[in-house]
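# Summary of the model geometry
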Amino acid sequence: MKKGSLKPVTQELVTPGSGGRRAFVARMTKETRIAAAINLDGTGQYDIKTGIGFLDHMLEQLSRHSLIDITLRAEGDLHIDYHHTTEDSGIVLGECLAKALGNRAGIRRYGSATIPMDETLTGVALDASNRPYLIWKVNFSKPKLGTMDTELFKEWFQALAQNAGICLHIENLYGDNSHHIVETCFKGTARALRQAVTPDERLDGASPSSKGSL
């Protein structure tokens, strides 16, 4: 993609089926053109194309393990590097989550998961509080995974947390393989999201906060 070649999003993306808590968001800048649609009450179906193979793989894991259907298309200035496309895809997915959650009444709100993958173990905890924050205790032994800079994963999770309105804590407890470390971060976030956004029948639509709203 060359500078100035992006066109505005003209067609709304959709996820499979009908019903559920759905949202569509499109974002257009001089650096990226991204559109995404989600269904919080899906089955983990995905159709994702960012132009970055490893990022596609991670977003597919996010969808599959959260059971959130995700359709996403991204074009960005990959001739420069992967930073803008990575960060902006997190922004758009975060905005989709916030939009689909609405006033967040009736949800379980909290979620956590500890994910093993061979030699790696990562813990994730989140609060869908509408008060965004990221704690990132993750280190990599390699600066790149394929052609992707490992430092960009923090940027993606930061963008997701800020725009989804979630307090997100991710800590890699141990591990050597950078692929395994990243994948457990995404799978742990997926599993925690799956818990947090699920309606709590005992709340009967009430806010999961003593303040009365999130």
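So, how was this worked out
Residues numbered from 1 in each chain as written. Predicted model: local features only at pLDDT ≥ 70, side-chain atom pairs only at ≥ 80, totals over all residues. Heavy atoms only, no water. Helix = DSSP H or I, 4+ residues; strand = E, 2+ residues; numbered from the N terminus. Buried < 20%, exposed > 50% of the residue type's maximum accessible area, 1.4 Å probe, protein only. Contact = heavy atoms within 4.5 Å. Areas by Shrake-Rupley, 256 points an atom, 1.4 Å probe, with all protein chains shown as cover. Lys, Arg positive; Asp, Glu negative; His and termini not counted. Charge placed at Lys NZ, Arg CZ, Asp CG, Glu CD. Pairing = 2+ DSSP bridges. Axes fitted to C-alpha atoms, helices over the stretch in contact; angles between N-to-C directions. 1 Å grid on protein atoms, 1.4 Å probe; cavity = no way out; pocket = protein on both sides within 12 Å on 5 of 7 lines; lining within 4 Å. Points joined across faces, edges and corners; volume = space filled by probe spheres on them. Nonpolar A, V, L, I, M, F, W, Y, C, P; charged D, E, K, R; others polar. Phe/Tyr/Trp six-rings, centres within 6.5 Å; stacked < 30°, edge-to-face > 60°. Core = buried A, V, L, I, M, F, W, Y, C linked by side-chain atoms within 4.5 Å.

### Remarks on the overall build of the chain
Secondary structure assignment for the chain yields four helices and 10 strands. Along the chain, helices (α) and strands (β) appear in the sequence β-β-β-α-β-α-β-β-β-β-β-α-β-α when read from the amino end. For the chain, the C-alpha atoms occupy an extent of roughly 50 × 45 × 30 Å along the three principal directions. Counting every position in the chain, which comprises 214 residues, the buried fraction comes to 50%. Long-range pairs, those at least 24 residues apart, make up 75% of the contacts in the chain with a sequence separation of at least 6. Just so you have it, the chain exposes about 10,300 Å², and 48% of that area is on carbon and sulfur atoms. Put simply, the chain has 25 plus and 25 minus side-chain charges, and the middle of one group is 4 Å from the middle of the other.

### Some words on the sheet that holds strand β7 (residues 133-137)
The four strands are arranged β5-β6-β10-β7 in an open sheet whose pairing can be described as mixed. Edge positions in the open sheet fall to β5 (110-117) and β7, since each of these has one partner strand only. Sheet twist, expressed as the average angle between the axes of neighbouring strands with direction ignored, equals 10°. Relative to strand β10 (residues 167-174), strand β6 (residues 120-127) runs antiparallel, the two being bridged by seven bridges. Each residue of the ladder has a partner; that of L126, found in β10, is L168. Contacts between helix α3 (residues 152-164) and the sheet are confined to β7 and β10, with β7 contributing the most and set at about 155° to the helix.

### Things to note about the sheet that holds strand β3 (residues 46-49)
Reading across the sheet, the four strands line up as β1-β2-β4-β3 and stay open at both edges, with mixed pairing between neighbours. In this open sheet, the two edge strands, each paired with only one partner strand, are β1 (22-28) and β3. Direction aside, neighbouring strands of the sheet carry axes that sit 5° apart on average. Most of the contacts of helix α1 (residues 53-66) go to β3, to which it runs at about 160°, and overall it touches β3 and β4 (69-76). In this fold helix α2 (residues 83-101) packs onto β1, β2 (32-39) and β4, with an angle of close to 35° to the strand it touches most, β2.

### Looking at empty space enclosed by the protein
Enumeration according to the criterion identifies one cavity of 30 Å³ or more in this entry. For the largest cavity, the calculated volume is near 50 Å³. As for the largest cavity, its lining consists of I38, L62, I68, I70, L93, L97, L160 and L193. Split by residue class, the lining of the largest cavity holds eight nonpolar, no polar and no charged.

### Side note on the packing of aromatic side chains
Evaluation of the coordinates by the stated rule reveals seven aromatic pairs. Within the aromatic cluster, the residues linked to one another by ring pairs are F54, W136, F140, F153, W156, F157 and F186.

### Concerning the nonpolar core
In this structure, I38, L93, W156, F157, L168 and F186 are the most contacted members of the largest nonpolar core, which totals 52 residues. In terms of residues, this core owes the most to one element, helix α4 (residues 178-196), which gives eight residues. Setting aside its immediate chain neighbours within four residues, I38 contacts T15, R21, R22, A23, I68, D69, I70, L93, C96, L97 and A100.

### Topic: the pairing of β6
Here β6 lies mainly inside the structure; seven of its eight residues are buried. The pairing of β5 with β6 spans eight bridges and is classified as antiparallel. Across the sheet, P116 pairs through a bridge with L121, a residue of β6.

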